[in-house]
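Working through the structure, step by step
This is what each chain is made of:
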Amino acid sequence: MSQFTATDFQRRAEAHLAGSYGGFLDYGDYRANPGMSVIDNLNFRDAAVLVPVVDEPAGARMILTKRTDSMRKHSGQIAFPGGKLDPDDHDAASAALREAEEEIGLPRHFVEIVGTLPSFPVPTGFRITPVLSVVRPGFALKPNPDEVDYVFDVPLSFLMDPDNYRLGRAQFSGRERNFYEIPYEGHRIWGITAGIIRSIYERFYE
């Protein structure tokens, strides 16, 4: 079996989540920045993003969006569909499914939730929970033009290849930080999104 099918992704994720493999400090951007301090802010807003892995016969693909330049937070960046938890959301998965419907028109009945990665804080004041999912094909997307410029997808095999990552360095909040970026067909995947994808690689495939 190919290791880059949606079925194998789900198997790896479920096996990992059933064990004890550490929190967000052990993976992704935090691993790339040993000793990086955790943001201390008691006023975080809880948010969730959907990590949609589409079950394609030729190999699984991960859906990403390009946010509009008019968004207040993370404008113009490559992102997973997602946003803050509303009072009516039961949990992070409910919020992620709702946001995916609102942002890109992904019907929730095509989506199977696999599990969630540990939540992590970001400087913009949110505590984000990545919600892992497998999406069966046959859906038609309709991006919300107020939030999303366009939607594209990337082969899971590309994202899970460490040779496709670059480690950049820049100042954040007055300190030099390492950060991951993943160039793909003219897209620059970086920031929170690249950090989540890198965490998935380190947790499930490394």
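Residues numbered from 1 in each chain as written. Predicted model: local features only at pLDDT ≥ 70, side-chain atom pairs only at ≥ 80, totals over all residues. Heavy atoms only, no water.

1. Here's the deal with unusual backbone geometry
What counts is decided by this rule: In this text, helices come from DSSP runs of H or I with a minimum length of four residues, and strands from runs of E with a minimum of two, each type numbered from the N-terminal end. Residue exposure (1.4 Å probe, protein chains only): buried if accessible area is under 20% of the type maximum, exposed if over 50%, otherwise partly exposed.
Unlike most non-glycine residues, glutamate 185 shows phi in positive territory, near 45°. For glutamate 185, the position within the fold is in the loop between strand E10 (175-184) and strand E11 (187-190). A relative accessible area of 67% places glutamate 185 in the exposed class.

2. Considering the environment of isoleucine 78
Note on placement: isoleucine 78 falls in strand E3 (residues 78-79). Using a relative accessible area of 5% as the deciding quantity, one classes isoleucine 78 as buried. In the structure, isoleucine 78 is positioned 57 residues away from tyrosine 21 in sequence and 28 Å away in space, judged by C-alpha atoms.

3. A closer look at the pattern of salt bridges
Note the threshold: By salt bridge we mean one thing: a side-chain nitrogen of Lys or Arg within 4 Å of a carboxyl oxygen of Asp or Glu.
Within this structure, the stated rule accounts for 16 salt bridges. Between arginine 98 and glutamate 102 there is a salt bridge, with its nearest N and O atoms 3.3 Å apart. In this pair, arginine 98 and glutamate 102 both sit in helix H3 (residues 92-104), 4 residues apart, roughly one turn of the helix. Taking relative accessible area as the criterion, arginine 98 reaches 13% and is therefore assigned buried. In this structure, arginine 108 and glutamate 101 form a salt bridge, with 3.1 Å as the shortest nitrogen-oxygen distance.

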